[in-house]
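# Residue-level structural notes
So the chains spell out like this:
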Amino acid sequence: MLNGRRVLLIIGGGIAAYKSLELIRALQKRGASVVPVMTRAASEFVTPLSASALSGHKVYQDLFDLTDEAEMGHIELSRSADLIIVAPATGDLMAKMALGMASDLATTLLLATDTPVMIAPAMNVRMWEHAATQRNLETLRRDGIYVCGPDEGDMACGEFGFGRMSEPDSIADAAADILLNGPLKGKHIIVTSGPTHEPIDPVRYIANRSSGSQGTAIANALSALGARVSFITGPASAEMPEGCDIIRVETAREMLDAVQVALPCDAAVFAAAVADWRMKDATDRKIKKNAAGDIPVLNFAENPDILATVSQMKKNRPRLIVGFAAETDDVLENATAKRERKQCDWIVANDVSPETGIMGGTENDVTLITENGLIDWPRMSKNAVAQKLAKQMADELK
Ligand code: C5P
């Protein structure tokens, strides 16, 4: 039920850390993938090797690990998950979180993130009942942090009372509740992605350049907020999003048909790079070279404009329609005109000139154009653009 959901599990330094290894399993059993982060103290209780072997992921430990910064900075790591779980959340970690400290990798991630955070406290009963811990708990709750447990029972230190970390299955169930009740719960969203291929003959085609990676990131971000996503994709090289209905098509006309079948929806994001033209008369036999060296003449016909067609529908028009404008010249003027011409609600405009490295790359530099004007977003990863867009859409669809 959590297929495709990503959890960043911060393991704190307490005796309950051994249960966090079971928590990795419990989350995986529900379909989530888990990336572990361990504090220095945590590695006194369980080994990074165990966490890595169980999760199937590298364990992140040190803020100053330069290789990680090159691969994925701490800001990116903090936002790469749909939920961050801190388990065990020790008294020390809770105090640092409440104060907003960023003194190691775990606390820096927690300060930098904008994804939901859940803590599973675990400590001695006196520490739990201490006025300072209760004050910190209050602060964390007010900051919107979810809290699971602690439970009452015998403790490793020989005392009895509240302070035992909740059982891994209860923590995983609480995580599922948060993940499945996002702000887009109950909303159906169509996302188009990738290029289209328009056949010339059975072996050749014309196409647009598109990896589909921005579309995949958007589908993942929308489904992480609880939306049901119909992902309609041309032949893309990017990975498919997880937890979405995937509908594969080849041509623009097939893409339009698939969109019409998937309707109605609450919102649609048309991120596909649809070919504007197809062959007027595609042949079902391979075009051969002839002895005279004649060069074939290709006659084009116009493809349907999916974004414009859906935006101008009189019945069943989605409440919010987002188009993309990939331009190389006069980006904002062209994109603004495109929004009006096609009659979509928002346009995400970006400059895809080769020198930007955006096409096929991992980053994007976009401007969101709405009826209220232009909002320039700083250059960020395609995942971050997707998450920002998904949040903005969730606000709009409230
Ligand atoms: O006109 P242009 O191709 O630049 O417009 C880009 C936007 O329109 C994108 O959102 C794209 O997915 C959509 N589009 C479409 N059908 C087409 C052409 C573009 O949906 N035939």
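Because the structure is predicted, anything quoted here is derived from the model rather than measured.

Thresholds applied
Residues numbered from 1 in each chain as written. Predicted model: local features only at pLDDT ≥ 70, side-chain atom pairs only at ≥ 80, totals over all residues. Heavy atoms only, no water. Salt bridge = Lys/Arg side-chain N within 4 Å of Asp/Glu carboxyl O. Helix = DSSP H or I, 4+ residues; strand = E, 2+ residues; numbered from the N terminus. Buried < 20%, exposed > 50% of the residue type's maximum accessible area, 1.4 Å probe, protein only. Domains from an automatic or database assignment. Contact = heavy atoms within 4.5 Å. Buried area = accessible area lost by both parts, 1.4 Å probe. Pairing = 2+ DSSP bridges. Axes fitted to C-alpha atoms, helices over the stretch in contact; angles between N-to-C directions.

## A few points about the pattern of salt bridges
Per the stated rule, a full pass over the model turns up 17 salt bridges. Across the pair Asp345 and Arg317 runs a salt bridge whose closest N-O atoms are separated by 3.2 Å. With Asp345 in the loop between α14 (331-342) and β17 (346-351) and Arg317 in the loop between α13 (306-311) and β16 (320-327), the pair connects residues that are 28 residues apart, well separated along the chain. Using a relative accessible area of 21% as the deciding quantity, one classes Asp345 as partly exposed. For Arg317, a relative accessible area of 26% puts it in the partly exposed group. Between Lys338 and Glu327 there is a salt bridge, with its nearest N and O atoms 2.6 Å apart. With Lys338 in helix α14 and Glu327 in strand β16, the pair connects residues that are eleven residues apart, well separated along the chain.

## Observations regarding the domain arrangement of the chain
Considered domain by domain, the chain is made up of domain 1 (6-180) and domain 2 (188-396). For domain 1 and domain 2, the distance between their C-alpha centroids amounts to 38 Å. Taken residue by residue, the interface counts six residues in domain 1 and five residues in domain 2. Across the interface of domain 1 and domain 2, roughly 530 Å² is buried in total on both sides, 30% from carbon and sulfur atoms. The tally of links from domain 1 across to domain 2 stands at one salt bridge.

## Describing the sheet that holds strand β8 (residues 188-193)
Here eight strands make up an open sheet; going across it, the order is β12-β11-β8-β13-β16-β17-β19-β20 and the pairing mixed. For this open sheet the edge positions go to β12 (245-248) and β20 (373-376), each flanked by a neighbour on one side alone. This sheet shows a mean twist of 15° between the axes of neighbouring strands, independent of strand direction. Both β8 and strand β13 (residues 267-270) contribute to a ladder of four bridges, which runs parallel. Bridge pairing in β13 places Ile189 opposite Ala267.

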